[in-house]
Amino acid sequence: MGRSVFALMLASLACAGPQVAAKPSPILGKKVDVAARALDGRAVDLPARGARATVVDFWATWCEPCREQLPDLDRLAAAWRGRGVEVYAISFDEDRAALDDFVARTPVGFSVLWEKGGGKLADRLALTRLPTTILLDASGVVRSVHLGYDRGQTAALEREVRGVLAE
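Everything numeric in this text was worked out from a predicted model, so none of it was measured.

What counts and how
Residues numbered from 1 in each chain as written. Predicted model: local features only at pLDDT ≥ 70, side-chain atom pairs only at ≥ 80, totals over all residues. Heavy atoms only, no water. Helix = DSSP H or I, 4+ residues; strand = E, 2+ residues; numbered from the N terminus. Buried < 20%, exposed > 50% of the residue type's maximum accessible area, 1.4 Å probe, protein only. Contact = heavy atoms within 4.5 Å. Areas by Shrake-Rupley, 256 points an atom, 1.4 Å probe, with all protein chains shown as cover. Salt bridge = Lys/Arg side-chain N within 4 Å of Asp/Glu carboxyl O. Pairing = 2+ DSSP bridges. Right-handed = clockwise from strand over helix to strand, strands pointing away. Axes fitted to C-alpha atoms, helices over the stretch in contact; angles between N-to-C directions.

Draft legend 1. Representation of the overall build of the chain within the structure. Regarding its fold elements, the chain presents 5 helices and 7 strands. Put simply, the chain runs from its N terminus to its C terminus through helices and strands in the order α-β-β-β-α-β-α-β-α-β-β-α. In the chain, which comprises 167 residues, the proportion classed as buried is 48%. Summarising the internal contacts of the chain: among those between residues at least 6 apart in sequence, 73% fall at separations of at least 24. Carbon and sulfur atoms make up 54% of the accessible area of the chain, which totals about 8200 Å².

What follows is the structure, encoded as structure tokens:
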């Protein structure tokens, strides 16, 4: 079985509530470049140009905790808009029509991107669980990695955003 298929299968099996990682993510503290397509087809490279902090959530429409997290990310994006913080959600859905339908029914005030199946990003960023939310500083260094989702995690992410902005 190919590595990307295995990584995505693992992500789908691990789509659940928060998880305490046995060891930190291998991307923590490393500079990463994330690229995906906007829903209009244009290429988007992250971290966002001009942003002091970029929140990137990896999710899928079929993942219940992923869907539960979107309103919290929407509130975070609204609260920090105009202060140097950008929020993006990168869907790992295989079916673009399912993603388009979901976004039409559940609009958010931040950019939704698409990486069909997510295999390339999952492999490169060692993603093993959905949702996974990362915080990048202005230079693209991963400052935090959150596996899974619970409401308390949003407060922790906001504290981390404040920390990056205070530097």
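Let's pick the thread back up.
Draft legend 2. Up close: the pattern of salt bridges. Scanning all chains against the criterion turns up 8 salt bridges. Taking the shortest distance from any N to any O, the salt bridge between Arg42 and Asp40 comes out at 3.1 Å. When the shortest N-O distance is used, the salt bridge between Glu167 and Arg143 registers 2.4 Å. Of this pair, Glu167 sits in the segment after helix H5 (151-166) while Arg143 sits in strand E7 (residues 142-147), and the two are 24 residues apart along the sequence. Since its relative accessible area comes to 64%, Glu167 is described here as exposed. Salt bridges here are not isolated pairs; linked through shared partners, they connect Asp72, Arg75 and Arg151.

Draft legend 3. Quick look at the pairing of strand E3 (residues 53-59). With 7 of 7 residues buried, E3 lies mostly within the body of the structure. Residues Ala53, Val55, Asp57 and Trp59 line one face of E3 and the alternating positions Thr54, Val56 and Phe58 line the opposite face, and both faces are buried. Examined bridge by bridge, E3 and strand E4 (residues 85-91) share 7 bridges and lie parallel to one another. By the bridge assignment for E4, Trp59 is matched with Ser91. With respect to chirality, the unit in which E3 leads through helix H2 (residues 64-80) into the neighbouring parallel E4 is right-handed.

Draft legend 4. Molecular detail of the sheet that holds E4. The mixed open sheet is built from 7 strands, whose spatial order is E2-E1-E5-E4-E3-E6-E7. Bordering the open sheet on either side are strand E2 (43-46) and E7, each of which pairs with just one other strand. Within the sheet, the average angular offset between the axes of one strand and its neighbour, ignoring direction, is 30°. Where E3 lies against strand E6 (residues 132-137), 6 bridges are found, and the strand directions are antiparallel. Along E6, the bridge assignment pairs Val55 with Leu135. Packed on one face of the sheet, H2 meets E3, E4 and E6 and runs near 165° to E3. Packing against the sheet, helix H3 (residues 96-105) makes contact with E3, E4 and strand E5 (111-114), and its axis sits at approximately 170° to E5.

Draft legend 5. Main features of unusual backbone geometry. In this model, Leu46 is joined to Pro47 through a cis peptide bond whose omega is 15°. Here Leu130 and Pro131 are connected by a cis peptide whose omega angle stands at -10°. Structurally, the position occupied by Pro131 is in the loop between helix H4 (119-124) and E6. One non-glycine residue, Ala126, adopts positive backbone phi at about 55°. By secondary structure assignment, the location of Ala126 is in the loop between H4 and E6.

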